[in-house]
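A structural walkthrough
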Amino acid sequence: MVLIDDPSWPAHGTLWAHLVSDDNLAELHAFAAANGIPERGFDHDHYDVPAERHAELIAAGATHVSGHELVRRLIGSGLRVTMRERRGR
């Protein structure tokens, strides 16, 4: 399942949400590609998406969850990349 949290991360003059899969990265990449999300938006285990795309992505099938739930489900999937792992890549 593809999940999206609330846009609450400020950068570049807008707020950003996170788009993740709670199952596999192939699902996430396919959803992103089908919805015109650029590959450069992928950050190890999620896509950063601007606030103006939020409602559109929910309409396309992403399930809206809280930030806490998104992280919980990402960790549960085994797909979470920790900060330590990010530094090592």
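As for the nonpolar core
By size, the foremost hydrophobic cluster in this structure holds twelve residues: Val-2, Ile-4, Ala-17, Leu-19, Leu-28, Phe-31, Ala-32, Ile-37, Tyr-47, Val-49, Leu-57 and Ala-62. Going through the elements one at a time, strand S1 (2–4), strand S3 (14–21), helix H1 (25–34) and strand S4 (47–50) are the ones with two or more residues in this core. Excluding anything up to four places from it in sequence, Ala-62 contacts Val-2, Ile-4, Leu-19, Phe-31 and Leu-57. In this structure, Leu-3, Val-65, Leu-70 and Leu-74 belong to the second largest nonpolar core, which totals six residues.

So, the packing of aromatic side chains
The relation between two aromatic rings is expressed through the spacing of the ring centres and the mutual angle of the planes. By the definition in use, this model includes one aromatic pair. Aromatic side chains Phe-42 and Tyr-47 sit 5.1 Å apart centroid to centroid with 55° between the ring planes, which places their arrangement in the tilted category. Judged by its relative accessible area of 3%, Tyr-47 falls in the buried class.

Some thoughts on unusual backbone geometry
The backbone of His-12 sits at a positive phi, close to 55°, despite the residue not being glycine. When you line up the elements, His-12 lands in the loop between strand S2 (9–11) and S3. Of the residues examined, His-12 reaches a relative accessible area of 78% and is grouped as exposed. Although it is not a glycine, His-44 adopts a positive phi angle of roughly 70°. With respect to the helices and strands, the residue His-44 is situated in the loop between H1 and S4. On the basis of relative accessible area, His-44 is assigned to the partly exposed category, the value being 27%.

Here's the deal with the side chain of Asp-5
Considering the arrangement of structural elements, one finds Asp-5 in the loop between S1 and S2. Of the side chains with opposite charge, Arg-80 lies nearest to the buried Asp-5, which makes no salt bridge, at 9.7 Å. A distance of 2.6 Å separates the side chain of Asp-5 from the backbone nitrogen of His-18, its partner in a polar contact. If sequence neighbours within four positions are ignored, Asp-5 has contacts with Ala-17, His-18, His-54, His-64, Val-65, Ser-66, Gly-67 and Leu-70.

Considerations on the layout of surface pockets
Over the atoms rolls a probe the size of a water molecule, and in doing so it shows where empty space is left. Here the largest pocket defines a volume of roughly 500 Å³. Lining the largest pocket are 24 residues, with Trp-16, His-18, His-46, Asp-48 and Val-49 positioned closest to its centre. Those elements that provide at least two residues to the lining of the largest pocket are S2, S3, S4 and helix H3 (67–77). Among the elements that make up the lining of the largest pocket, the one with the highest residue count is H3 (four residues).

Conventions and cut-offs
- Residues numbered from 1 in each chain as written.
- Predicted model: local features only at pLDDT ≥ 70, side-chain atom pairs only at ≥ 80, totals over all residues.
- Heavy atoms only, no water.
- Core = buried A, V, L, I, M, F, W, Y, C linked by side-chain atoms within 4.5 Å.
- Buried < 20%, exposed > 50% of the residue type's maximum accessible area, 1.4 Å probe, protein only.
- Helix = DSSP H or I, 4+ residues; strand = E, 2+ residues; numbered from the N terminus.
- Contact = heavy atoms within 4.5 Å.
- Phe/Tyr/Trp six-rings, centres within 6.5 Å; stacked < 30°, edge-to-face > 60°.
- Lys, Arg positive; Asp, Glu negative; His and termini not counted.
- Salt bridge = Lys/Arg side-chain N within 4 Å of Asp/Glu carboxyl O.
- Polar contact = N/O pair within 3.5 Å; in protein donor to acceptor, adjacent residues only side chain to side chain.
- 1 Å grid on protein atoms, 1.4 Å probe; cavity = no way out; pocket = protein on both sides within 12 Å on 5 of 7 lines; lining within 4 Å.
- Points joined across faces, edges and corners; volume = space filled by probe spheres on them.

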